[in-house]
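Results of the structural survey
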Number of protein chains: 4
Amino acid sequence: MHAVVTAVGPDNRGLADPIIHHLTSAGANLHEIQMYDRDQEHLFAMLVRAEWEDDADSATLRADLDRIGSERGLSVRTWVPGERTPPRLAICTTYRPEPATAVLRAVRDGRLKAEVSCVIGNRPTCRGVAEEFGVPFFDIGDDRGAPDNERLVDLLDEHAVDYVLLARYMRVLPAAVCWKYAGGRILNLHHGLLPPFPGFRPYEDAHARHMLTYGATVHFIVPELDAGEQIVHQATFTVPPGTPLKEIKRRGETEHEPAVLTEGVRRVLDGEVALRFHRVVPVT
Amino acid sequence: MHAVVTAVGPDNRGLADPIIHHLTSAGANLHEIQMYDRDQEHLFAMLVRAEWEDDADSATLRADLDRIGSERGLSVRTWVPGERTPPRLAICTTYRPEPATAVLRAVRDGRLKAEVSCVIGNRPTCRGVAEEFGVPFFDIGDDRGAPDNERLVDLLDEHAVDYVLLARYMRVLPAAVCWKYAGGRILNLHHGLLPPFPGFRPYEDAHARHMLTYGATVHFIVPELDAGEQIVHQATFTVPPGTPLKEIKRRGETEHEPAVLTEGVRRVLDGEVALRFHRVVPVT
Amino acid sequence: MHAVVTAVGPDNRGLADPIIHHLTSAGANLHEIQMYDRDQEHLFAMLVRAEWEDDADSATLRADLDRIGSERGLSVRTWVPGERTPPRLAICTTYRPEPATAVLRAVRDGRLKAEVSCVIGNRPTCRGVAEEFGVPFFDIGDDRGAPDNERLVDLLDEHAVDYVLLARYMRVLPAAVCWKYAGGRILNLHHGLLPPFPGFRPYEDAHARHMLTYGATVHFIVPELDAGEQIVHQATFTVPPGTPLKEIKRRGETEHEPAVLTEGVRRVLDGEVALRFHRVVPVT
Amino acid sequence: MHAVVTAVGPDNRGLADPIIHHLTSAGANLHEIQMYDRDQEHLFAMLVRAEWEDDADSATLRADLDRIGSERGLSVRTWVPGERTPPRLAICTTYRPEPATAVLRAVRDGRLKAEVSCVIGNRPTCRGVAEEFGVPFFDIGDDRGAPDNERLVDLLDEHAVDYVLLARYMRVLPAAVCWKYAGGRILNLHHGLLPPFPGFRPYEDAHARHMLTYGATVHFIVPELDAGEQIVHQATFTVPPGTPLKEIKRRGETEHEPAVLTEGVRRVLDGEVALRFHRVVPVT
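Residues numbered from 1 in each chain as written. Chains lettered and ligands numbered in written order. Predicted model: local features only at pLDDT ≥ 70, side-chain atom pairs only at ≥ 80, totals over all residues. Heavy atoms only, no water.

**Description of the environment of V135(A)**
Residue and element names in this part refer to chain A. Just so we agree on the cut-off: Per the convention used, a helix needs a DSSP run of H or I reaching at least four residues, while a strand needs a run of E reaching at least two, with both numbered from the N terminus. Classification of residues uses two cut-offs on accessible area relative to the type maximum, computed with a 1.4 Å probe and protein chains only: under 20% is buried, over 50% is exposed, and between them is partly exposed. Two residues qualify as a contact provided that any one of their heavy atoms is within 4.5 Å of a heavy atom in the partner residue.
As for its position among the elements, V135 is in the loop between α4 (127-132) and β7 (137-139). The buried category is assigned to V135, whose relative accessible area is 9%. Distance from V135 to D148, taken between C-alpha atoms, is 20 Å for residues 13 residues apart in sequence. In this structure V135 touches L104, V116, S117, C118, V119 and A130, once residues within four positions along its chain are discounted.

Written as structure tokens, this is what we have:
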């Protein structure tokens, strides 16, 4: 059995030990430990990736670790990849419906071996898309689109989500959320080539630099890292000189980005790649 | 008639006037004048793009301007696009034969409407390729590959070349050479995406930044400018995570770059784009 | 005599010839000609830098060229550096008063050999500063700060301004305005190091990249160029790790930027540097 | 007591557990755990930062951990900051003597509260400098300057070095070496501003971009990270336009870099900053 345990809490006093100790006592080999600390934000996080040579009892493990978490005031999660078949997806959206639609279609058509548990928006725009595919939609945004991030995590937990897809979700996930679902569970679609074109306006930036190729990138999110080593898939399309930005964006947003997201998700679901030590590695 | 006149000399005392004066006296409308000066290198250059409403006599014009050049100690060239049909190409090479081969094939097969006048190398490597297509090859490099740039210009002049293709030619053309053939006559194949990946090792640089797309760019060369606005064509190919650099380079060098160069040259030969005011503009 | 002639108009049909012809007929050596064209914006611009070996009559020259301009529908300006002593400055502002104040003080104290003709704002914020120094203030902004650029040029013309200082003026000057005052007459204070930190938020961008040095740059403005070769002065200050962004900005905005602007302007006024062929060159 | 334990070995099977288990059994609070893995290079590394509320016995701890290391085939080090007073430095050099000389002088004059245990070079150039200050010099390079990195680590161990200063040491430290001395013990002097000017030729690169400020940066080395968050000190000097590159390099190399290195080392020795979770944080 392979398990990813994440723990998030307000400080790092005596927090790593009980979890690590419990895992080793329970016969686990520890393959990876990462810690993260932002004193000023009172955020402490740990990820442990552990493996058992024989099958272990995931329900007992999860119950034990949850108990440790509640005793220590930590938010603890135990993820066992492959425990649920098919894996369960949450799709986060803002305005653009095309990437979410592409994933929902690919799941319906069997091209993506997964189940979409829910669509979550900080804007209500994609409600209709979700309903068209019979998937519940949750609006976590206030009047100005500011998301309720605690509600977001509650929804992911309630729906027993394996992977979170940020499908042109235009808000930054707080580090605390990322660490709760750390270990290669959050995939982001960036509408530009990374690393050269980060930021909120990659089409505009590439156009200002006179590029004739426009890209999109699917990557795992790891707080503070620049996405280079976390890239799962990226591709571009080419336009002739003089193509108006409006036409470039239309093609990118309605055709290119949805295809790139779908292929990136497929690579993860089909087990071709995984996140290890903050890097995407091919699985052989 | 449309003519591009270039003049290159050691200083700028009284040099612009006679050429400009002659052109306006000869009934030309001056569409574009650009000057360039590097005092420290004793290099002065001027480009004038002129148009006549009626047909003008290009031979007389060229003779007159050559005479002014020789009186003033200037290297003057008068290029009349379309004067020679089909247009004549020179291909500059170093080691890699694939891009040159792709252009020679496309010319032979009629996909590029041009004639290859000569292949020029600073290394003898591509001699065989040129001979295979019955095109003369000239080696302008010394033992260490340092090119004789005066010989390069002489060859271009002798062969009445319209366009110069730098097909993985790994030396920097001096500004004096670029200005002698200014006005959208020198096309370079860069083996990376511009502007994000300039330099001599774009595959290595993109790989170090963990890109999954690798590009090539065809652009006009204008000294001191960064190629952004001079891009004629660019495209990428995509690899899965973990693809070895060696495999990426093999694919890029043997398949991708040749195709990108051929398409870039085609756009210029077919008159889809032109260089105006140091920028590529679509021709409608 | 040394003169810079600029001409701006809606197209380039037959416009360069009369001006160039007049200058050569009037005994000028043409040192530099640059043209700029944006068809889509109906903007054509030309700069000619000319020199006469003997003293020439600037008033007659200006009158003749103005007449050509009005016949041809061109906006023509003839600038003779050194004609007015001391040279006359316009300072453009938005909100921050410190850089303008620093220049006004340096002029008052004789550290800058110039006269401030006017302060111009797209916001009224710096009116008090101007009045404190007895300099007229003009507000060219509408309710949202959008500047009336024709009024801006009229003010510069009426006040016979030699140099325009953009002193944390937060609007982009249209290319037409830049070309009307081309030839090294518009100096911009950028509140970050160029080229690494362009954009509107250079403090934030440098802080996000964990820099411990924060810079400011004074450069001539040439449309479409990235300011690298046009840099007149730049400097940085250093902070210890952990310094809050707020403290960095305070120090940069109230102490560092004003000093950098003043030194940049001094270099130009004292004739240490000049803009030639779009590049800053030291004057020996 | 505060201890940093590093363990480096060929794989990650069962390696984290015994060390972590021993530390927690010995009453430590685990403040930070980081792991690093490069399967392809057979390199596994772990850093544990631990604290004891009361004084603990560092000699026993070190002996116990060394024993675990030797049982498991791991290279284990236990560093207790402050254990040796004053702290002991190793200075690594290649050709340029100025930065090393500056540190040796500052130590001699009491401006740096440390002792220089040894100077190590991959070239013999700085032997004279070391001898002048009565410090042993070790040449670890072969004929072409390729360093013997195992010898480097042996020397650091034998001399009980607390901090390693890369004083224009022009070789890349392998990740294995960095992890053996991880936890904020290796300081590098980079002769350019980071992050904008990385690479081996930062003066040339900044000059090519027409900068008028030239910087140097002192940072902790953490493999795979880009040094942004690890910067301890950086500063620049300013030159007027037209300053030759040669003069810029002379000033940078002989005056600026030595001063920047000395100040960076001082900040670390005086306890003003520390490396925590791969980031430099101010110590209050």
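Read on, since the account is not over.
**Remarks on the interface of chain C and chain B**
The condition that has to hold: Accessible area that two parts lose when put together, evaluated with a 1.4 Å probe and summed over both, is termed the buried area. The term salt bridge refers to a pairing of a side-chain nitrogen on Lys or Arg with a carboxyl oxygen on Asp or Glu at a separation within 4 Å. Distance and chemistry together define a polar contact, namely a pair of N or O atoms within 3.5 Å, with one atom able to donate a hydrogen and the other to accept it when in protein, and with adjacent residues in sequence counting only for side-chain atoms on both sides. Throughout, the ten residues Ala, Val, Leu, Ile, Met, Phe, Trp, Tyr, Cys and Pro are labelled nonpolar, Asp, Glu, Lys and Arg are labelled charged, and all others, Gly among them, are labelled polar.
Across the boundary between the two partners, chain C contributes 26 residues, which contact 26 residues of chain B. Buried area between chain C and chain B, summed over both chains or domains, comes out near 2200 Å², and the portion from carbon and sulfur atoms is 46%. The tally of links from chain C across to chain B stands at 0 salt bridges. Taken together, the connections running from chain C to chain B amount to 7 residue pairs in polar contact (both at pLDDT 80 or more). The set of elements that each furnish at least two residues to the side of chain C that touches chain B consists of α1 (16-25) and β2 (29-38) of chain C. In terms of residue count, β2(C) provides more of the side of chain C that touches chain B than any other element does, 10 residues in total. Taken together, the residues of the side of chain C that touches chain B break down into 9 nonpolar, 7 polar and 10 charged.

**So, the confidence of the model for chain A**
Here is the rule: The pLDDT value tells you how sure the predictor is about a given residue, anywhere from 0 up to 100.
Within chain A, residue pLDDT values average 94, and 99% of them lie at 70 or more. Among the scores for the predicted complex, ipTM is 0.92 and pTM is 0.91.

**Section: the relation of the copies chain C and chain B**
One copy of the chain maps onto the other through a rotation about an axis plus a displacement along that axis. Just so we agree on the cut-off: A least-squares superposition brings the copies together, and it is based on the C-alpha atoms of residues with pLDDT no lower than 70 in both.
Expressed as a screw transformation, the operator carrying chain C onto chain B has a rotation angle of 180° and an axial translation of 0.0 Å, and the superposed copies differ by an RMSD of 0.0 Å. Viewed as a symmetry operation, the transformation between the two copies matches a two-fold axis. Judged by C-alpha distance, Q34(C) is the residue of chain C that lies nearest the rotation axis, at 2.5 Å. Both copies present the same face, since 100% of the interface residues in chain C are matched by interface residues at the equivalent positions in chain B.

**Regarding the packing of aromatic side chains**
Residues and elements named next belong to chain A. The criterion, for reference: Note on aromatic contacts: the rings of Phe and Tyr and the six-membered ring of Trp form a pair at centre separations within 6.5 Å, being stacked when their planes are under 30 degrees apart, edge-to-face when over 60 apart, and tilted otherwise.
For the coordinates displayed, the defined rule picks out 12 aromatic pairs over all chains. A centroid spacing of 5.3 Å and a plane angle of 35° characterise the contact between Y36 and W179, whose relative ring orientation is tilted. Of the two residues, Y36 sits in strand β2 (residues 29-38) while W179 sits in helix α6 (residues 175-180), which places them 143 residues apart along the sequence. This pair shows no difference in class: Y36 is buried, exactly as W179 is.

**Overview of the pattern of salt bridges**
The final tally for this structure, using the stated rule, is 82 salt bridges over all chains. R266(B) is the salt-bridge partner of D270(B), the closest N and O atoms lying 2.9 Å from each other. Taking the shortest distance from any N to any O, the salt bridge between E263(C) and R267(C) comes out at 3.1 Å. Separated by 4 residues within a single helix, E263(C) and R267(C) lie in helix α8 (residues 245-269), roughly one turn from each other.

**Re helix α3 (residues 98-108) of chain C**
All names here are of chain C. Taken across its 11 residues, α3 has 9 buried, putting it largely inside the fold. What α3 keeps buried is the set E98, P99, A100, T101, A102, V103, L104, A106 and V107. G110 sits one or two residues past α3 and shows a positive phi near 80°.

**Things to note about the sheet that holds strand β10 (residues 213-220) of chain C**
Residue and element names in this part refer to chain C. Basically, it comes down to this: Note on pairing: DSSP must find at least two bridges between two strands before they are called paired. Axis lines are fitted through C-alpha atoms, for helices just across the contact stretch, and the angle between N-to-C directions can take any value from 0 to 180 degrees.
Spatially, the 7 strands line up as an open sheet ordered β7-β6-β5-β8-β9-β10-β11, and their pairing is mixed. Each edge of the open sheet carries a strand with a single partner, namely β7 (137-139) and β11 (231-238). With direction set aside, neighbouring strand axes in the sheet form an average angle of 20°. Bridge count for strand β9 (residues 186-190) against β10 is 4 bridges, and the pairing is antiparallel. Residue pairing in the sheet places L189 in a bridge with V218 of β10. With respect to the sheet, α3 is in contact with β5 (88-93), β6 (115-121), β8 (163-166) and β9, its orientation differing from that of β5 by roughly 160°.

**Points about the packing of helix α3 (residues 98-108) of chain D against helix α8 (residues 245-269) of chain D**
All names here are of chain D. Heads up, the rule is: The labels follow the angle: roughly parallel below 35 degrees, roughly antiparallel above 145, roughly perpendicular from 65 to 115, and oblique for the rest. The sense of a crossing depends on the near helix, which, turned anticlockwise from the far helix by less than a right angle, makes the crossing left-handed and, turned clockwise, makes it right-handed.
Axis separation between α3 and α8 bottoms out at 8 Å; the angle between their running directions is 50°. Put simply, α3 runs oblique to α8. Where α3 crosses over α8, the handedness of that crossing is right-handed. Across the interface between the two elements, E98, P99, A102, V103 and A106 of α3 pack against E253, T254, E257, P258, L261 and T262 of α8.

**Describing the pairing of β5(C)**
Residue and element names in this part refer to chain C. The element β5 is largely enclosed, with a buried count of 5 among its 6 residues. In this sheet, β6 lies alongside β5 in parallel orientation, the contact comprising 6 bridges. Across the sheet, the residue bridging to L89 is V116, located in β6. Pairing analysis gives 4 bridges linking β5 to β8, with the strands arranged parallel. If you follow I91 over to β8, its bridge partner there is L165.

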